[in-house]
Amino acid sequence: MADPSSYRPKPGEIPDSPGVYKFRDEHRRVIYVGKAKNLRQRVANYFQDLANLHPRTRTMVTTAASVEWTVVSTEVEALQLEYSWIKEFDPRFNVKYRDDKSYPYLAVTLNEEFPRVQVMRGAKKKGVRYFGPYGHAWAIRETVDLMLRVFPVRTCSAGVFKNAERTGRPCLLGYIGKCSAPCVGRVTPEEHRELAEDFCAFMAGRTGTYIRRLEKDMAQAAEEMEYERAARLRDDAGALKRAMEKSAVVLADATDADLIAVAEDELEAALQIFHVRGGRVRGQRGWVTDKVEAVDTSGLVEHALQQLYGEERGDAVPKEVLVPALPEDPDAVSQWLTDRRGSQVSLRIPQRGDKKDLMATVQRNAQQALGLHKTKRASDLTTRSRALEEIAEALGLDAAPLRVECYDISHLQGDDVVASMVVFEDGLARKSEYRRFQIKGFEGQDDVRSMHEVIGRRFKRYLQEKERTGEGDEQPASDAPATEAAPPAAGPVPGSPETAEGPSVVGPAPGVPEAAGGPGALEGPTAPAGPAAPEGPAATGPVPAPPLAPSSPDDATGPREEDGRPKRFAYPPQLVVVDGGQPQVAAAQRALDELGIHDIAVCGLAKRLEEVWLPDDDDPVVLPRSSEGLYLLQRIRDEAHRFAITYQRAKRAKRIRSSPLDDVSGLGETRKQALIKHFGSVKKLRQATIDQICEVPGIGRRTAESVAAALAATAPAAPAVNTATGEIIEEDDGDSS
């Protein structure tokens, strides 16, 4: 490891001009390239106290052995030189997007005498017109098949073309009218090139001209009673319209724009690009990158722009580039794009309207791509095995933790405080054993105290299971928390994680923890977690015992007794992970110590720098950035956070929608809705007499008396305020649940 002070430039050596700098290692390999408006200020930042540097920056400067720089006249030149050096040297500490060469394009080889339409992948070639990229090659072939009716351009390979020239016979497409057969001289090279240019013009978005021309020719043919030709022209116009329908209009003003969105976490970032031409989405692609340098969203966007347009010229650079965050120097980047296009390019963040809505769609795609990437990485058996071994080695465990439980606390300014417990077995999510908790030991916001309560309650239940089955001591630890509330007789209603009476433990969760579109549903897509792992050593439960409380139908996939009832909290984990740092870890360990449990390891994962904290250790365990163990811990932590916030939002939404009618015994949802529909609101229902309430179908006199008594005992609440708009919510609008 090199000492940065050993190669630090002397004061005054570095100019204060714009330029590009590169760090080299001891073998003279370039490991990082950067640019700056002021080289002196930027380069000096790398030679401050190592403790003040970002961990990735610290790794880079201690790996490097020298630094060099090149002065340029403008910031635009610096941007161009930085891109050129990154392409040339491929430095290991620069952000590099992957998978950008795997997407198929629709290509027209205008550099040939007889242009050909084909599917192409890989690096772009000079003189070839590209459209896309597309998600699948079959989507290109479907579009081309429709358009060949109107633009019968050559699609055959060079070998087939030469063979047709030699034999004087066209291929099948030439016989069925989907190729103009230039190979046998049916059209001249000039006529065929005109067809290819019309094909390109249509794909570029100039669609109205060709459809109007076909419809005009069709009408003229019909007037001249050439009905067969009119029918053929009608079918041609229909084929073009179907080709257009494959890319719906998303921007009404026929905009040419690229929309770029970024989804990121501490270690990786996913980037999605939608290519909009003529107001229609003509292509889409996505990249994933490791965040090997200390970079924020603006930096990720700048790197993406460099890699997207560094080799492009002319119309390949759109008039508008919409991004989630502007680069550090937006004027320089915009000027660089303008130079590459040859005309003005607008680089901005969409603020409202269709463009903002489309940007939200691109953002969801980026989030889904990042989740899918992490899921694929986590679902690989070899990767999961290595991850568990790395965790065991880093934490000093005797064996790989085959069962891991993670806990997270969620609340909104101290209200509706809840906790989640997620379970991973053999590196895969075991959703049937997820649990949700309501914090009832105290009021207010205290994550440390909440974590202590949740861990204590969960493992007190575990000790009770051991005692009940004869596997544990006669009594739990004397200083254990108060007796846990009994599990609910019925599981949570799908889409609403809260139970009717609000027991301290709510569970287990459905196979998919939140209902799509339900109250409190987490925004954005969630990657699937894969199938549950088979029960291994970590899933060795107690022997059969007397029945538990009645179970929820949602428990069908969980571990079960011989009588079919689910085992709740029966299996201990080898590792408990908490979402937080040293205070949360200490609280969890203290709860286990109070219960006399000493064979379960505890650690915490702090969000800011993804550090792993252990009990009684003043310094965290820092796993390597490329560690599979860190990826698994991060995935478990993120799943616990998602599960907790989903429950917290649903719980808050249910509280906001609560009605005085909820307290009426025997009054179900259907009859509540009938009462509200009949009277219009709870306010008017409260003013009604018992006889008037009895007029509602399905409401008997005894039920009407219960409704009247319950409403009379409920004083009108103070008007609620919509925190988003500041409007007062009238009771008439809010009691219809």
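Here, the structure is the one placed above.
Below, the structure is looked at part by part. (Residues numbered from 1 in each chain as written. Predicted model: local features only at pLDDT ≥ 70, side-chain atom pairs only at ≥ 80, totals over all residues. Heavy atoms only, no water.)

Focus on the environment of T188
Note the threshold: Only DSSP runs of H or I reaching four residues or more are called helices, and only runs of E reaching two or more are called strands; each is numbered from the N terminus. Any residue under 20% of the maximum accessible area for its type is buried, any over 50% is exposed, and the rest in between are partly exposed; the area is computed with a 1.4 Å probe on protein chains only.
Residue placement: T188 occurs in the loop between α6 (172-175) and α7 (189-203). Given a relative accessible area of 34%, T188 falls into the partly exposed group. Each C-alpha atom, one on T188 and one on F114, is 9.3 Å from the other, the two residues being 74 residues apart in sequence.

A look at the pattern of salt bridges
The criterion, for reference: The salt bridge criterion pairs a side-chain nitrogen of Lys or Arg with a carboxyl oxygen of Asp or Glu, the two atoms within 4 Å.
On inspection of all chains with the given rule, the structure shows 25 salt bridges. As a salt-bridge pair, D329 and K37 come within 3.9 Å of each other at their nearest N and O atoms. With D329 in the loop between β10 (320-322) and α11 (330-341) and K37 in the loop between β2 (30-36) and α1 (39-45), the pair connects residues that are 292 residues apart, well separated along the chain. Taking relative accessible area as the criterion, D329 reaches 11% and is therefore assigned buried. One salt bridge connects R457 with E453, and the closest N-O pair in it is separated by 2.6 Å. Of the two residues, R457 and E453 both sit in helix α14 (residues 447-469), 4 residues apart, roughly one turn of that helix.

What to know about the sheet that holds strand β3 (residues 64-71)
Stated precisely, the cut-off is as follows: At least two bridges found by DSSP between two strands is the condition for calling them paired. Comment: axis = line fitted to C-alpha atoms, over the contacting stretch for helices; angle = value between 0 and 180 degrees taken between N-to-C directions.
Read from one edge to the other, the open sheet built from 3 strands follows the order β2-β1-β3, with strand pairing classed as antiparallel. Unpaired on one side and paired on the other, β2 and β3 mark the two borders of the sheet. On average, adjacent strands in this sheet sit at an angle of 20 degrees to one another, irrespective of strand direction. Pairing analysis gives 6 bridges linking strand β1 (residues 19-25) to β2, with the strands arranged antiparallel. Residue pairing in the sheet places G19 in a bridge with A36 of β2.

A closer look at the pairing of β1
Counted residue by residue, β1 has 7 buried out of 7 residues, so it is predominantly covered. Residues G19, Y21, F23 and D25 of β1 are buried on one face, and the alternating residues V20, K22 and R24, pointing to the opposite face, are buried as well. Across 7 bridges, the pairing between β1 and β3 is antiparallel. Within the sheet, the bridge partner assigned to Y21 lies in β3 and is W69. If you look at the hairpin formed by β1 and β2, you'll find 4 residues sitting between the two strands, and R28 has a positive phi there, around 70 degrees.

Quick notes on the sheet that holds strand β8 (residues 268-277)
The strand order across the open sheet built from 5 strands is β9-β8-β7-β10-β11, with neighbouring strands paired in mixed fashion. Two strands in the sheet have a free side with no partner beyond their single neighbour: β9 (280-290) and β11 (346-348). Along the sheet, successive strands turn relative to each other by an average axial angle of 15 degrees, direction set aside. Relative to β10, strand β7 (residues 257-264) is paired through 3 bridges, and the arrangement is parallel. Directly across from D258, in β10, lies its bridge partner V321.

Considerations on the packing of helix α3 (residues 75-89) against α11
Selection rule: If an angle is under 35 degrees, it is roughly parallel; if it is over 145, roughly antiparallel; if it lies from 65 to 115, roughly perpendicular; otherwise it is oblique. Whether two residues are in contact is decided by their heavy atoms, any of which lying within 4.5 Å being enough.
Closest axis-to-axis distance for the α3/α11 pair is 9 Å, and the angle between their directions is 70 degrees. Considering their axes alone, α3 and α11 lie roughly perpendicular with respect to each other. Together, E75, V76, L79 and Q80 of α3 and A332, V333, Q335, W336, D339 and R340 of α11 make up the contact between the two elements.

Notes on the side chain of E610
Condition: For this analysis, a polar contact is any N or O atom pair within 3.5 Å, provided that within protein one partner can donate a hydrogen and the other can accept it, and provided that sequence-adjacent residues contribute only side-chain to side-chain pairs.
Following the sequence through the fold, E610 ends up in the loop between β18 (601-606) and β19 (611-613). By relative accessible area, which is 5% here, E610 ends up buried. At 3.2 Å, the side chain of E610 and the side chain of R637 are in polar contact. Once residues lying within four places of it in the same chain are set aside, the contact partners of E610 are E266, L605, L630, Q634 and R637.

So, the side chain of S420
Examined against the element boundaries, S420 turns out to sit in strand β13 (residues 415-425). Under the relative-accessibility criterion, S420 is labelled buried at 0%. Engagement of the side chain of S420 in a polar contact is seen with the backbone oxygen of A640, the distance being 2.7 Å. The residues contacting S420, other than those within four sequence positions of it, are C406, Y407, D408, R435, A640, F643 and A644.

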